[in-house]
Amino acid sequence: MPNVRDIFITEVALRDGSHAIAHQYTVEQVLKVAKALNDAGVPYIEVTHGDGLAGSSLQYGLSRTNEMELIEAAVSVADQAKIAVLTLPGIGTIKELKEAAKLGAKMARVATHVTEADVAPQHIHAAKELGMETVGFLMMSHMAEAGKLVEQAKLMESYGADTVYVVDSAGALLPEQVRERIRALKLHVGINIGFHGHNNLSLAMANSLVAIEEGATRIDGSVRCLGAGAGNTQTEVMVAVLDRMGIKTGVDVYKMMDLAEEIVAPILKTPQEITRDGLVLGYAGVYSSFALHAKRAAAKFGIDSRDILIELGKRKVVGGQEDMIVDVAAELAKSKSQVNVR
Ligand SMILES: CC[C@H](O)CC(=O)C(=O)O
Ligand SMILES: [Mn+2]
């Protein structure tokens with residue numbers, strides 16, 4: 001396996017994909033997927049609850065298996081790949097970060113809302129002290145213009161992050177918007193630049209390629225699109241496309257295809273595709289991880305989940321405000337019943 005890479009892929013199915021399967025991963029599944037990814041040459045594999053360390057809760061969804069067991073399992077089979085963990089300050093604490101590092105996690109991705117990088121320094125410093133590679137992960141990047149993004153990325157850089165990511169959490173960014181943002185970061189920050197896409201508008205691959213064109217060297221993907229909403233840039237496809245373009249990822253195309261088909265596809269109850277809810281996430285600019293919550297709330301209140309998502313988009317609801325989903329559903333159901341009575 002060549003160890004020269006132009007692009008470093010982080011596979012997120014075992015973290016972002018956790019949203020898509022309501023956080024039901026088992027140790028056996030993680031062992032199989034992580035081993036196959038490691039053997040295919042994927043350099044980074046992210047494992048945690050979908051909402052990051054300590055995300056398991058009524059608010060975000062309870063995990064079937066303690067995430068530390070999942071991290072330990074992934075580490076046990078990854079003799080080449082590094083295991084990454086995601087943490088959102090305010091949900092995950094330094095205690096969990098230490099625990100994950102002790103189990104062998106080597107990368108910490110510290111995620112904040114795109115305008116709130118200033119909540120990240122303690123976590124980044126702690127991760128650095130633990131000897132971990134660190135990433136500042138600026139979520140909902142469509143909600144900030146390029147100038148604001150640069151300001152926030154510079155903060156991440158000043159805290160010691162090795163990499164800063166443009167995170168298209170809602171899958172709402174258009175290719176030219178990705179170009180503008182990555183170009184601005186490339187001009188103004190000195191650390192690695194990454195891109196994390198969601199495929200809600202079927203643009204994750206195009207956006208990832210634009211990001212690479214503008215100088216991003218860290219790209220996230222989820223095998224078989226196993227990520228929140230319509231999933232992320234499909235890793236096995238990205239590896240094949242980049243190979244055709246002569247861009248080295250160090251990942252074996254056939255092995256990626258095989259693990260997608262034989263190991264990951266059977267985990268999915270239904271294939272990942274762009275459903276109307278997924279499409280509305282991108283169209284309205286709503287967090288991809290809100291999809292399942294909105295579906296449940298819609299069923300509970302007898303309304304259309306698209307109406308909930310559109311209203312959440314109008315209100316510019318961000319991660320951590322999951323309780324608003326039920327509030328909005330209740331309000332919409334109430335106004336609908338009032339209309340029916342009249
Ligand atoms: C809630 C964390 C979130 O799922 C992180 C992420 O992958 C994103 O914002 O896209
Ligand atoms: Mn995501």
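Starting afresh in each chain, residues are numbered from 1 along the sequence in its written order. Chain letters start at A and ligand numbers start at 1, both assigned in the order the entries are written. Whole-chain, interface and lining totals are the exception, using all residues; otherwise, since this is a predicted model, local features are given only for residues with pLDDT of at least 70 and side-chain atom pairs are given and counted only at 80 or more. Only heavy atoms go into the side-chain values, all of them from the structure, while hydrogens and water stay out.

Draft legend 1. Quick look at the pairing of strand β8 (residues 218–221). Each residue is assigned to one of three classes by its accessible area relative to the maximum for its type, calculated with a 1.4 Å probe on protein chains only: buried under 20%, partly exposed between the two thresholds, exposed over 50%. Under the scheme used here, helices are H or I runs from DSSP no shorter than 4 residues and strands are E runs no shorter than 2 residues, and both carry numbers assigned from the N terminus. Along β8, one buried face is formed by Arg218 and Asp220 and the opposite face, lined by Ile219 and Gly221, is buried too. Paired strands are those between which DSSP finds at least two bridges. Here strand β1 (residues 8–11) runs beside β8; their pairing, made up of four bridges, is parallel. Across the sheet, the residue bridging to Glu11 is Gly221, located in β8. Strand direction decides the pairing type here: strand β7 (residues 192–196) and β8, joined by two bridges, are parallel.

Draft legend 2. Inspection of the site of ligand 1 at higher detail. Taken together, Arg15, Asp16, His19, Gly50, Asp51, Phe137, Met139, Val167, Ser169, His196, His198 and Tyr287 form the complete shell of residues around ligand 1. As used in this structure description, the phrase polar contact means that two N or O atoms lie within 3.5 Å; if the pair is within protein, one of them must be able to donate a hydrogen and the other to accept it, and residues adjacent in sequence are counted only when both atoms belong to side chains. In the model, an oxygen atom of ligand 1 is placed 2.7 Å from a nitrogen or oxygen of the Arg15 side chain. Note that an oxygen atom of ligand 1 is positioned 2.9 Å from one of the side-chain N or O atoms of Asp16. Its free accessible area being 300 Å², ligand 1 has 98% of it covered by the protein chains. Every element with two or more residues in the shell around ligand 1 is listed here: α1 (16–20) and β5 (133–139). Whether a residue is near a molecule or strand depends on its heavy atoms: if one lies within 4 Å, it is near. Method for areas: the Shrake-Rupley scheme with a 1.4 Å probe, in which residue coverage is limited to the protein chains shown.

Draft legend 3. Structural context of the UniProt feature "binding site: Mn(2+)" (unreviewed entry) in the chain. What UniProt calls "binding site: Mn(2+)" (unreviewed entry) maps, in this numbering, to Asp16, His196 and His198. A stretch of 183 residues holds the annotated residues, and the largest C-alpha distance among them is 10.6 Å, short enough that they meet in one place. Here Asp16 is to be found in helix α1. Asp16 sits in the buried class, given a relative accessible area of 3%. In contact with Asp16, other than residues within four places in its own chain, are His196, His198, Leu226, Gly227, Ala228 and Asn232. Its place among the elements puts His196 in strand β7. UniProt positions are given in the numbering used here, feature names are shortened, and annotations may be inferred rather than shown by experiment. It only takes one pair of heavy atoms within 4.5 Å for two residues to be counted as in contact.

Draft legend 4. Region of the structure containing unusual backbone geometry. Unusually for a residue other than glycine, His23 sits at a positive phi of about 60°. Here His23 is to be found in the loop between α1 and α2 (27–40). In this structure, Met140 is a non-glycine residue whose phi angle is positive, near 55°. Positionally, Met140 belongs in the loop between β5 and α6 (146–159). Judged by its relative accessible area of 0%, Met140 falls in the buried class.

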